[in-house]
Amino acid sequence: MSAHIEIPYNMDERPDTGLYNAKLGVWLFLASEVMLFGALFSSYVLLRTGASTWEAGHLILNWKLAMVNTFVLIGSSVTMVMSWAALKMNNLAKFKLYMGLTVLCGIAFLVIKGIEYAAKFEHGLLPNQSTFMAIYFTMTGLHGLHVIGGMIVNGYLLGPGSKMWATEPQRFTNRIEVAGLYWHFVDLVWIFLFPTLYLLPGK
Amino acid sequence: MATDTHHHHNEHHDEPSWIRKYVFSTDHKVIGIQYGLTSLVFLFFGFCLLMMMRWQLAYPGEALPLLGKWLGEARMPGGVMAPEFYNQLGAMHGTIMVFLGVVPLAVGAFGNYLVPLQVGAQDMAFPKLNMSSYWVYFVGGVVMFASFFVPEGAAQSGWTSYAPLSIVTTPAQSIFRGQTMWLIGMVFLITSSLLGSVNIIVTIVQLRAPGLTWMRLPFFCWAQLVTSFLLLLAFPPLEAAGVMQLMDRLAGSSFFMPAGLVISGKPWEGSGGGSALLWQHLFWFLAHPEVYVLILPAMGIVAEVIANNTRKPLWGYSALVWASAILGFLSFVVWAHHMYLTGMGTAISAFFQTTTMLISVPSIIILTALILSLWGGSIRFTTPMLFALAFLPMFGIGGLTGLPLGLATSDIQLHDTYYVIGHFHYVVAPGTIFALFAGIYYWYPKVTGRRMSETLGKWHFWGSLVFMNTVFMPMFVQGMAGMSRRMYDGGEAYLHNQHVLGFNRMIGVGAWGLGLFQLFFIINFFWSLKRGEKVNDNPWKATTLEWNTPTPPPHGNFTKIPDAYRGPYEYSLPGSDTHKDYYPQWEPDHVAKAGPKETK
Ligand code: HEM
Ligand SMILES: [Cu+2]
């Protein structure tokens, strides 16, 4: 017997919870991400309070580039919402435009990050120089991996994944919403990282 | 339109290929069995590691017969165990038993197989994700296993991987070093647990069958739900810590390395400025919730088996539910009771002592409710029930011996002694592992269509019960005498241990006995596959939804998605007659309560 498997609520909301499966799934996943970055921020606090000296980020890091990157990521969050809204208005072409912009912003972010890293390598500012540099590379590196992950998902949804629009538009729109939640989270992490690493004074 | 495409699809792929069906399957039951078999293999492997350690402890410095030569000069020079190898065995025994054995069996296997059945769903909420979580676990296991074969062998710094030791041992900046591979393996295992726990939570929240309200959910599912939340929220900090330790080992950073370290007479050349205690905090922030990950699914299994075999509703079902939820919350705020000796100061210590005493309350509520459930029942002493019954006092001993550890005054004496080893093994070995055995005997008929042999099962049980206690009871005595854990000579070098060294030999014999009696289980497991008594769909006359499926359940599980008409444990209610003392969840009143006819 090869029963046809139909997982309920993978598209529509379950009335008593008000959620479809993937949305609950991504919220749970984000909760675990909060714990991941929460642990890193806590480590930052613990290491900093325990240290006798601590570098001032704005003196050894390139806070101007990072500021640009902050706006790039915020911009990408906005285009991400627009792409979702475009689908809600049944406009696939507009969706592709905004999703394309989102991916481009992601690329821009990584390029700028790459320039920043390259300059650090050049000056020998490596994780083994100080706890500050170590946590800088760990946190921005992990965040960068999250950006790459998000871009792979977004790129897929922009390209081959968008075929689903023709067959299951509701489900496709949900996917964009879920990918968007993740993308906003990645953005949010950066918004905490930026002042913590680049702006806080040293001691 | 969706049905159209599926129809088309079906014509070509009616029968999935062997590989899709048994290797890369998305069926939660196949995945559950994959998890189950893999974790049983790892449990066996972890047990073998322990047997070698126990030989060394019982007869320190004596050549190991047979194996000694075979393991090679590096590990066993002249057939005698090298201290470094002993440390590898210890670290990997703990790691394998916890992360590759018990948790994947309790959550990966039992959770995967049973949660969708008990909530009346056709599969997990995300079948493909489910498959990938198994394979990520598998890769993590392979990495851990392979680490025995890299230069200088596997990780040697305990399952807790305390820094700075874990960073200065085999320090080469290569990924092919034991500790580095341990960290990489952990990242895989953590990722797998995250995927798995998201799936279990979404399945329970979203896919409950019509009528299956929260308070009609079997306690097993509640236990899995709380467990999954613990995995979801406690594991990421260890992942962060693992990444930081990787940085320390590979990129030369000093997250966990304080300034001014002198190692083997040489000043350590790092930037310093890190904190060794930070690792301990992050580790125990995971590892304390982790111990409840080890125990909650066990409690879930025991609850199911007890209700079924006492033919009574569980005593205090809602107390059980609330207690496990509170246990879940509190388990996040007790972690530093593993760290009283780190000089944390009285205020912080008082906080963690208080929370530790508090968390004992829900533990005891659960244990009490399970014991009271026996009261007045007409108990069927089946093999699963024997294991479930033994779980109660064994967990009791484990839990009660935890209390002196939770109070700093007594913990100063007991910390890092064999007493701690005795404590947690009582909870995990004759506790959790007995519960897992109970679960295997209990659900085996549903999975295979055949019952396991009761005779072999009883041999297995009584032997295990006797030898478990032979192994672990003496550890309390050794520990109270002051014998430290993790000594590769079994503590021989210290005067104060001399009068308790004899126990090492007793424990060694006990471990052999314990291993021997597991043969009954292994034989039974395979023999019953072919020869076990054939059973119908509900051989234990049980009430929860998994017994409403064909046996073994096909892909898609139910012939028709069931409705849940009542709570999970409606046994022997007033008015039910002797022919049929149970009202299954899936039968509407007019069927359940009509006449003596048995349901199929
Ligand atoms: C119910 C009350 C419990 C209390 C009050 C308690 C208390 C403690 C304390 C204070 C320690 C630290 C001892 C030390 O290192 O000095 C400890 C260790 C440990 N406990 Fe428990 N515990 C309880 C239940 C459990 C349960 C249910 C499990 C597992 C299923 C468990 C597993 C462990 C493990 C694995 C360790 C040792 C870890 C290590 O150092 O390697 N405990 N317990
Ligand atoms: Cu603990």
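About the criteria used
- Going along each chain's sequence as written, the residues are numbered from 1 onward.
- A letter from A marks each chain and a number from 1 marks each ligand, given out in the order of writing.
- Confidence filtering applies because this is a predicted model: local features only for residues at pLDDT of at least 70, side-chain atom pairs given and counted only at 80 or more, and all residues used for totals across whole chains, interfaces and linings.
- Hydrogens and water are ignored here; the side-chain numbers use all heavy atoms of the structure.
- Each helix is a run of DSSP H or I of at least 4 residues and each strand a run of E of at least 2, with the numbering of both proceeding from the N terminus.
- Throughout, radius of gyration means the C-alpha value; the globule benchmark is 2.2 Å times the number of residues raised to the power 0.38.
- Any residue under 20% of the maximum accessible area for its type is buried, any over 50% is exposed, and the rest in between are partly exposed; the area is computed with a 1.4 Å probe on protein chains only.
- Any two residues whose heavy atoms approach within 4.5 Å are treated as being in contact.
- Only the protein chains shown count as covering a residue, and every accessible area follows the Shrake-Rupley method with a 1.4 Å probe.
- Only four residue types enter the charge count: Lys and Arg as positive, Asp and Glu as negative, with His and the chain ends excluded.
- Every charge is mapped onto a representative atom, which is NZ of Lys, CZ of Arg, CG of Asp or CD of Glu.
- A carboxyl oxygen of Asp or Glu within 4 Å of a side-chain nitrogen of Lys or Arg is what we treat as a salt bridge.
- A 2.8 Å cut-off from the metal defines N, O and S donors, relaxed to 3.2 Å for Na, K and Ca; water is not in the atom list, so some sites may appear incomplete.
- When two components associate, each loses some accessible surface as probed by a 1.4 Å sphere; the sum of these losses over both components is called the buried area.
- Polar contacts, as counted here, are pairs of nitrogen or oxygen atoms within 3.5 Å of one another; within protein the pair requires one atom able to donate a hydrogen and one able to accept it, and residues that are adjacent in sequence qualify only if both atoms are side-chain atoms.
- Note on residue classes: Ala, Val, Leu, Ile, Met, Phe, Trp, Tyr, Cys and Pro are nonpolar, Asp, Glu, Lys and Arg are charged, and everything else, Gly too, is polar.

## Some points on the overall build of chain B
Counting secondary structure elements, chain B contains 18 helices and 2 strands. Relative to a compact globule of 600 residues, whose C-alpha radius of gyration would be 25 Å, chain B shows 25 Å and is just as compact. Dimensions of chain B, computed from C-alpha atoms along their principal axes, come out at roughly 80 × 55 × 55 Å. Expressed as a percentage of its 600 residues, the buried residues of chain B come to 62%. Restricting the contact set of chain B to residue pairs at least 6 apart, pairs at least 24 apart contribute 78%. Approximately 23000 Å² of chain B is accessible, and the part contributed by carbon and sulfur atoms is 70%. Across chain B, 32 positive and 30 negative side-chain charges occur, with their mean positions spaced 6 Å apart.

## Thoughts on the pattern of salt bridges
Any two side chains of opposite charge can pair, given that their charged atoms come close. Taken as a whole and assessed by the stated rule, the structure comprises 13 salt bridges over all chains. The salt bridge involving Glu-177 of chain A is made with Lys-23 of chain A; its shortest N-O contact spans 2.9 Å. Here Glu-177 of chain A is found in helix α7 (residues 169-199), whereas its partner Lys-23 of chain A is found in helix α1 (residues 21-50), with 154 residues between them in sequence. Lys-23 of chain A matches Glu-177 of chain A in its accessibility class, with the two residues each being buried. A salt bridge links Arg-485 of chain B to Asp-416 of chain B, with the nearest nitrogen and oxygen atoms 3.4 Å apart. Taken together, the residues span a long stretch of sequence, with Arg-485 of chain B in the loop between α16 (454-480) and α17 (502-531) and Asp-416 of chain B in the loop between α14 (408-414) and α15 (418-448) at a distance of 69 residues.

## Section: unusual backbone geometry
Of the consecutive residues Ala-163 of chain B and Pro-164 of chain B, the connecting peptide bond is found in the cis state with omega at 0°. Turning to its location among the elements, Pro-164 of chain B is positioned in the loop between α6 (127-146) and α7 (165-168). Even without being a glycine, Asn-90 of chain A presents a positive backbone phi close to 65°. Tracing the backbone shows Asn-90 of chain A in the loop between α3 (63-88) and α4 (92-122).

## Here's the deal with the coordination of the iron atom of ligand 1
Residues and elements named next belong to chain B. For the iron atom of ligand 1, the sole protein-derived donor is His-423 (NE2), lying 2.1 Å away. Between the iron atom of ligand 1 and the copper ion (ligand 2) the interatomic distance comes to 4.7 Å. Within the fold, His-423 resides in helix α15.

## Here we look at the interface of chain B and chain A
The interface of chain B with chain A comprises 42 residues on the first partner and 40 residues on the second. The largest contributions to the chain B side of the interface with chain A come from Gln-122, Gln-206 and Phe-255 of chain B, which together make up 17% of the buried area. Linking chain B with chain A are 0 salt bridges, by the criterion used here. Applying the counting rule to chain B against chain A returns 7 residue pairs in polar contact (both at pLDDT 80 or more). Within the residue set of the side of chain B that touches chain A, elements represented by two or more residues are α8 (178-206), α9 (219-250) and α10 (276-310) of chain B. Among the elements that take part in the side of chain B that touches chain A, α9 of chain B stands out by supplying 10 residues, more than any other. Across the side of chain B that touches chain A, the residue classes break down as 26 nonpolar, 12 polar and 4 charged.

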